[in-house]
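Notes for the structure review
This is what each chain is made of:
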2 protein chains.
Amino acid sequence: MFFYLLRKFSKSKVLTLDTIGENVKKAEYAVRGDILKKAHEIVESIAKGKKYPFKTLTPCNIGNPQFLGQKPLTWVRQGLSLVVNPRLLDYPELPSYYPPDIIDRSKHLLTRIQGGIGAYSDSQGLLVVRESVAKYIEMRDGIGPSDPADIFTTNGASPSIDIALTVAISSAQDGVMIPIPQYPLYNALITIKKGQAIGYYMDSSDGYWSLNIEEMQRSVDLAKKNHIKPRALVVINPGNPTGQVLSEENMQQIVKFCEINNLVILADEVYQDNVYIPTKKFTSFRKVISQMGTKTELFSFQSLSKGFYGECGIRGGYMEILNIDNQVKDQISKLASIMLCSSTLGQVGIELVLNPPNEQMPSFERYEIEKNEILSALKRKALLMYELLNTMDNITCNYVEGAMYAMPCVSMSKKAIDEARKIGVTADKFYVMKALEETGIILVPGSGFGQKPGTFHFRITVLTPEISFRDLLLSFKKFNDNFHKQYRD
Amino acid sequence: MFFYLLRKFSKSKVLTLDTIGENVKKAEYAVRGDILKKAHEIVESIAKGKKYPFKTLTPCNIGNPQFLGQKPLTWVRQGLSLVVNPRLLDYPELPSYYPPDIIDRSKHLLTRIQGGIGAYSDSQGLLVVRESVAKYIEMRDGIGPSDPADIFTTNGASPSIDIALTVAISSAQDGVMIPIPQYPLYNALITIKKGQAIGYYMDSSDGYWSLNIEEMQRSVDLAKKNHIKPRALVVINPGNPTGQVLSEENMQQIVKFCEINNLVILADEVYQDNVYIPTKKFTSFRKVISQMGTKTELFSFQSLSKGFYGECGIRGGYMEILNIDNQVKDQISKLASIMLCSSTLGQVGIELVLNPPNEQMPSFERYEIEKNEILSALKRKALLMYELLNTMDNITCNYVEGAMYAMPCVSMSKKAIDEARKIGVTADKFYVMKALEETGIILVPGSGFGQKPGTFHFRITVLTPEISFRDLLLSFKKFNDNFHKQYRD
């Protein structure tokens, strides 16, 4: 009774939309926003018997390959199962199912992991894992040495990016340059950390997305005019959501731009194994910076969630720092230690994919077959997507050179734009909402990533199983062409 | 050459100790601070042949049970190995090694995890896991219902605490009350988020650590006088580093205090399964709030890393929210979604320990034996630690009622304090440093957690294997008694 009265006379809730921080409210993360809410509603309606022109939803909104049927690599899962339950190693039948190389590797890893995978590792990650990461980086770039002491493992790449931004943003005037369109994690984290996002528009004019230095300089100059201090530049390569693979020339221009403007580079390279165009190849910013001989400060990010491995749920990732001041590195180590350590299983997963079986090992053949099946299917789908999207009314789509997405541009009629405005949404969201209701395909509207004013885009993944991918695109074509007929000016 | 000149004429590094944020620099995390650095140096010296009065270091600084030899639960590891590599389920010999209940459970979990553990789950966590968490909470408290929609899984409890503090701190004037001594994660995160930590001293006067409402009111009044707006209260129960188990009466007073002062409760309950005193039992803040009939806003945290399971490296944890405004909950969901999802293996681990085998199941007996072995050893060690510490010169130690630590108080002579000051450290750090050099035991100085001015403490874990625990304490006693002889005034 006493407490009832107490509450009765006390004020309303402590935490309300009016009392929590603007930084939290303003942060946007469109990949899992309103459209996904609508999708959940549709699932519930279907369960209740409501009819739609489709049987199930097709999520093309998130780079979540195994959710859509991509198979995990046998090598990775065998290794993980052995380090998770080392008693399996004692079962006499094990060698009839697991090849000797993965048994040996798991035993080796276990000898290097004090306390096993149930113990906290060093905050930067297990040394045995960071050694393999460093070796991989040296091999990939053909440039050594990479120092395990400069590598920090995290739960996917996102917490690495969080740490880099925490260090880069020292005040509300500090700005971080982000590409537009961008992966919305960047904008969201910069907002939460009360920094300033400085957008630079990517150039999509010649059929490829690229970074235009003049546009970047315009953007940085404008920021300075507005009393924002640019401190860092985010580059996503291969691009998300844009799918481009940057040329070395373009990367050299970017490094030069960062040198002139005193910017740290945050290189999001999580799609480094996802390149589909034979004439393009992935080059790391580490390599370009090293070859140019500059001392550009670099954070580069890699993840277990992408590539051909696609182990999103296991949460493995890392960052490598380059040319970072030693005292700042100590601060980064401290930040990493606050969260204790990243998933040891994520770390082991990273070790297994970056140090795969070689030609002499019994697991090699199977590993290569699985890897090539995944990559060649992605490649075929990327090409098919590019070709089919460009046959659709009012749609132009650049080459999908890498990553897992296309980001086509949709010309919208005045009528469509007005119709969208009537219900209080942007035309791209309106379009994506209609596509969801009519086809069950979940897309992300371009406004979630940012786009040039007056242009409209959406992001679509290339992850739908090949067997139904063409039909999916054809059903989408039907929707799109009808949409434009319906809203013709 | 061009780039060489470019760098030559450009300014120094972008990121230096002078240019990164004060919030980052000020954040302290003593559990992995200077002492651990010193320990690493000693390991390197030993490797180089330097002699110390001990052969290896004994880490008593971190609650990392498996690192010190605690065995994982068979039930958990068998289950994890099957969801990691479901092909094991097809091996005809499996039933000779794995009991049918864990095979059934794993199959059940796999049917509920679309795409398997390699797919991103819902950002809040897999529904099948949150359902088990909710059922566990209802059973634990004897109060229903707990709603899976109010549960958020994270990588250990730390990211849950991070989210709660992000929501609680809306401006630089917002304060969060934290116990002193506290687990340093709180102070570190509040500093990074540019909020104000409002310390309240725990009461250790009668042999138990407890929360004194008058002290808490003094602390909150002082904060208000200093123009700080108290918004939330952190309570750690069972206590870290203090090991207390709060009585229901004390908890009711705390809830009443929060009602009167408009505070949200952040209840760190990660040691809920670590209670060693027969007369004490863990009660959740959810239960106390529900029984009092108040609408106090609550975030409560639980982890896979502690209890008898101790799976630190797997990174499982969750928070349950209670009485939180729906719009604020939407913001919390958004924050959770930015990091995509927590480790699916951490989530499965949580499901397996909160929904363990029951009496009718074949795994029950083994599970109970393993669980009781771990808990009874912890209990014996907690008692032994309490007794032996209290035989040491100048040391008084409260009962270790729960959690994994003792936080004894050390009376320091003026001579010891002066000696410490000469080398620029506090007396507790000086003492802990000496203990490390002379015994190889790694402790955490009390200043890392906070302590009443003029008092000195250290934290020591109860996790050293039982076979060597008494010897460890006796070697520590020798060090301690010598230390006080050496620095007698």
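Residues numbered from 1 in each chain as written. Chains lettered and ligands numbered in written order. Predicted model: local features only at pLDDT ≥ 70, side-chain atom pairs only at ≥ 80, totals over all residues. Heavy atoms only, no water.

1. Side note on the interface of chain B and chain A
So the rule is basically this: Contacts are assigned to residue pairs with any non-hydrogen atoms lying within 4.5 Å of each other. Here the quantity called buried area is the accessible surface, traced with a 1.4 Å probe, that two parts lose on coming together, added over both. Basic side-chain nitrogens of Lys or Arg form a salt bridge, by our definition, when they fall within 4 Å of a carboxyl oxygen of Asp or Glu. Polar contact is defined as a pair of N or O atoms within 3.5 Å, subject to the rule that within protein one atom must be able to donate a hydrogen and the other to accept it, and that residues adjacent in sequence are counted only when both atoms are side-chain atoms. Classification used: nonpolar for Ala, Val, Leu, Ile, Met, Phe, Trp, Tyr, Cys and Pro, charged for Asp, Glu, Lys and Arg, polar for all others including Gly.
Contacts between the two partners involve 107 residues from chain B, matched on the other side by 107 residues from chain A. Contact between chain B and chain A buries roughly 9,200 Å² in total, counting both sides, with carbon and sulfur atoms accounting for 59%. Applying the counting rule to chain B against chain A returns 0 salt bridges. Taken together, the links from chain B to chain A amount to 38 residue pairs in polar contact (both at pLDDT 80 or more). When its residues are assigned to classes, the side of chain B that touches chain A shows 46 nonpolar, 36 polar and 25 charged.

2. Quick notes on helix H7 (residues 127-141) of chain B
All names here are of chain B. Quick reminder of the rule: Helix numbering and strand numbering both begin at the N terminus, where a helix is a DSSP run of H or I of at least 4 residues and a strand a DSSP run of E of at least 2. Here the expected length of a helix is defined as 1.5 Å per residue gap, with one fewer gap than residues. For each residue, the accessible area found with a 1.4 Å probe, counting protein chains only, is set against the maximum for its type, and the residue is called buried under 20%, exposed over 50%, and partly exposed in between.
Along its 15 residues, H7 runs 21 Å from first to last C-alpha, staying within 8% of the 21 Å computed at 1.5 Å per residue. Within H7 the residues assigned to the buried category are Val-128, Val-129, Arg-130, Ser-132, Val-133, Ala-134, Tyr-136, Ile-137 and Asp-141. In the stretch just after H7, Gly-142 is the one whose phi turns positive, near 65°.

3. Observations concerning the relation of the copies chain B and chain A
Selection rule: The least-squares superposition of copies is restricted to C-alpha atoms, and to residues with a pLDDT of at least 70 in both copies.
Take chain B, turn it by 180°, move it 0.0 Å along the axis, and it overlays chain A with an RMSD of 0.0 Å. Classification of the inter-copy transformation places it as that of a two-fold axis. If distances are taken from each C-alpha of chain B to the rotation axis, the shortest is found for Ser-81 of chain B, at 2.3 Å. A shared binding surface is used by both copies, with 100% of the interface residues of chain B retained as interface residues in chain A.

4. Let's talk about the domain arrangement of chain A
All names here are of chain A. So the rule is basically this: An automatic or database domain assignment supplies the start and end points of every domain.
Per the domain assignment, the segments of chain A are domain 1 (33-62 + 374-486) and domain 2 (116-354). Between the C-alpha centres of domain 1 and domain 2 the distance comes to 28 Å. On the side of domain 2, 28 residues touch domain 1, which itself brings 23 residues to the contact. For the domain 1 face of the interface with domain 2, the top three residues by lost area are Asn-398, Glu-401 and Phe-449, together amounting to 30%. For the pair domain 1 and domain 2, the interface holds 1 salt bridge. In this structure, the salt-bridge partner of Glu-401 is Lys-280, at a minimum N-O distance of 2.6 Å.

5. Some details on the nonpolar core
Operational definition: The criterion is simple. A nonpolar core is a set of buried Ala, Val, Leu, Ile, Met, Phe, Trp, Tyr and Cys residues joined through side-chain atoms within 4.5 Å.
Ranked by size, the top nonpolar core spans 267 residues in total, and within it Phe-299 and Phe-476 of chain A together with Phe-299 and Phe-476 of chain B carry the most contacts. Apart from residues no more than four positions distant in its own chain, Phe-299 of chain B is found in contact with Leu-15 of chain A together with Ala-164, Val-264, Ile-265, Leu-266, Ala-267, Met-319, Glu-320, Ile-321, Ile-324 and Ile-332 of chain B.

6. A look at the environment of Asn-261 of chain A
Residue and element names in this part refer to chain A. Within the fold, Asn-261 resides in the loop between helix H11 (248-260) and strand S6 (264-268). C-alpha separation for the pair Asn-261 and Ser-343, spaced 82 residues apart in sequence, amounts to 37 Å. At 3.2 Å, the side chain of Asn-261 forms a polar contact with the side chain of Gln-217.

7. Some thoughts on the sheet that holds strand S6 (residues 264-268) of chain B
By definition, the strands of a sheet pair up through backbone hydrogen bonds, in either a parallel or an antiparallel sense. Residues and elements named next belong to chain B. Put simply, the test is: Whether two strands pair comes down to DSSP finding at least two bridges between them. Angular values range over 0 to 180 degrees, each being the angle between N-to-C directions of two axes fitted as lines to C-alpha atoms, with helices fitted over their stretch in contact.
What the 7 strands build is an open sheet, ordered S2-S8-S7-S6-S5-S3-S4; its pairing is mixed. Of all the strands in the sheet, the pair left with one neighbour each is strand S2 (151-154) and strand S4 (196-201). Adjacent strand axes in the sheet meet at a mean angle of 20° when their direction is disregarded. Sheet topology note: the strand S5 (residues 229-236)/S6 ladder contains 5 bridges and is parallel. Across the sheet, Ala-232 pairs through a bridge with Val-264, a residue of S6. Packing against the sheet, helix H10 (residues 213-225) makes contact with strand S3 (174-180), S4 and S5, and its axis sits at approximately 150° to S4.

8. Some remarks on the packing of aromatic side chains
Worth spelling out the cut-off: Aromatic pairs are defined between Phe, Tyr and Trp rings, using the six-membered ring for Trp, whenever the two ring centres lie within 6.5 Å; interplanar angles under 30 degrees are classed as stacked, those over 60 as edge-to-face, and all others as tilted. In this analysis the charged atom, NZ for Lys or CZ for Arg, is taken to sit over a ring once it is within 6 Å of the ring centre and within 35 degrees of the ring normal.
The final tally for this structure, using the stated rule, is 34 aromatic pairs over all chains. Relative to Phe-483 of chain A, the ring of Tyr-431 of chain A has its centre 5.0 Å away and its plane inclined at 85°; by these criteria the two rings are edge-to-face. Highlighted residues: Tyr-431 of chain A in helix H17 (residues 427-439) and Phe-483 of chain A in helix H18 (residues 466-486), separated in sequence by 52 residues. Summarising the burial analysis for this pair, Tyr-431 of chain A and Phe-483 of chain A share the class buried. Their ring planes at 75° and their centres at 5.5 Å tell us that Phe-430 of chain B and Tyr-487 of chain B sit as a pair that is edge-to-face. Residue Phe-430 of chain B is located in helix H17 (residues 427-439), and its partner Tyr-487 of chain B is located in the segment after helix H18 (466-486); the two are separated by 57 residues in the primary sequence. For Tyr-487 of chain B, a relative accessible area of 7% gives the class buried. Aromatic ring contacts, followed pair by pair, group Phe-430, Tyr-431, Phe-458, Phe-476, Phe-479, Phe-483 and Tyr-487 of chain A into a single cluster. Taking the ring centre of Tyr-405 of chain A as reference, the NZ or CZ of Arg-459 of chain A above it sits at 3.9 Å.

9. Focus: helix H9 (residues 185-192) of chain A
Residue and element names in this part refer to chain A. With 7 of its 8 residues buried, H9 lies for the most part within the structure. Residues Leu-185, Tyr-186, Ala-188, Leu-189, Ile-190, Thr-191 and Ile-192 constitute the buried set of H9. Remark: Lys-194 follows H9 within two positions and exhibits a positive phi of approximately 60°.

10. Observations concerning the environment of Val-288 of chain B
By the secondary structure assignment, Val-288 of chain B is in helix H12 (residues 285-292). Ignoring sequence-local partners within four residues, the contact set of Val-288 of chain B consists of Met-251, Gln-252, Val-255 and Thr-283 of chain B.

11. A word on the sheet that holds strand S13 (residues 444-445) of chain B
Residues and elements named next belong to chain B. Overall, antiparallel pairing links the 3 strands, which are arranged S10-S14-S13 in an open sheet. Of all the strands in the sheet, just strand S10 (405-406) and S13 have a single pairing partner and so form its edges. Pairing of S10 with strand S14 (residues 458-461), which is carried by 2 bridges, proceeds in the antiparallel orientation. Looking at S14, one finds that Tyr-405 is bridged to Thr-461.

12. Description of the side chain of Asp-325 of chain A
Worth spelling out the cut-off: Neither His nor the chain ends is counted toward charge; the positive residues are Lys and Arg and the negative residues Asp and Glu.
Tracing the backbone shows Asp-325 of chain A in the loop between strand S8 (317-322) and helix H13 (326-338). Of the side chains with opposite charge, Lys-13 of chain B lies nearest to the buried Asp-325 of chain A, which makes no salt bridge, at 6.4 Å.

13. Structural notes on the environment of Thr-111 of chain A
Its location among the elements puts Thr-111 of chain A in helix H6 (residues 100-112). For Thr-111 of chain A and Val-128 of chain A, which are 17 residues apart along the polypeptide, the C-alpha to C-alpha distance reads 9.8 Å.

14. Things to note about the packing of helix H7 (residues 127-141) of chain A against helix H14 (residues 344-354) of chain A
All names here are of chain A. Stated formally: Left-handed describes a crossing in which the near helix is turned anticlockwise from the far one by less than a right angle; the clockwise case is right-handed.
The interhelical angle for the contact between H7 and H14, taken along N-to-C directions, is 35°, at an axis separation of 9 Å. Taken as a pair, H7 and H14 cross one another with a handedness that is left-handed. Across from Val-128, Val-129, Ser-132, Val-133 and Tyr-136 in H7, the residues of H14 making contact are Gln-347, Val-348, Ile-350, Glu-351 and Leu-354. Grouping the amino acids of the contact of H7 with H14 by side-chain chemistry returns 7 nonpolar, 2 polar and 1 charged.

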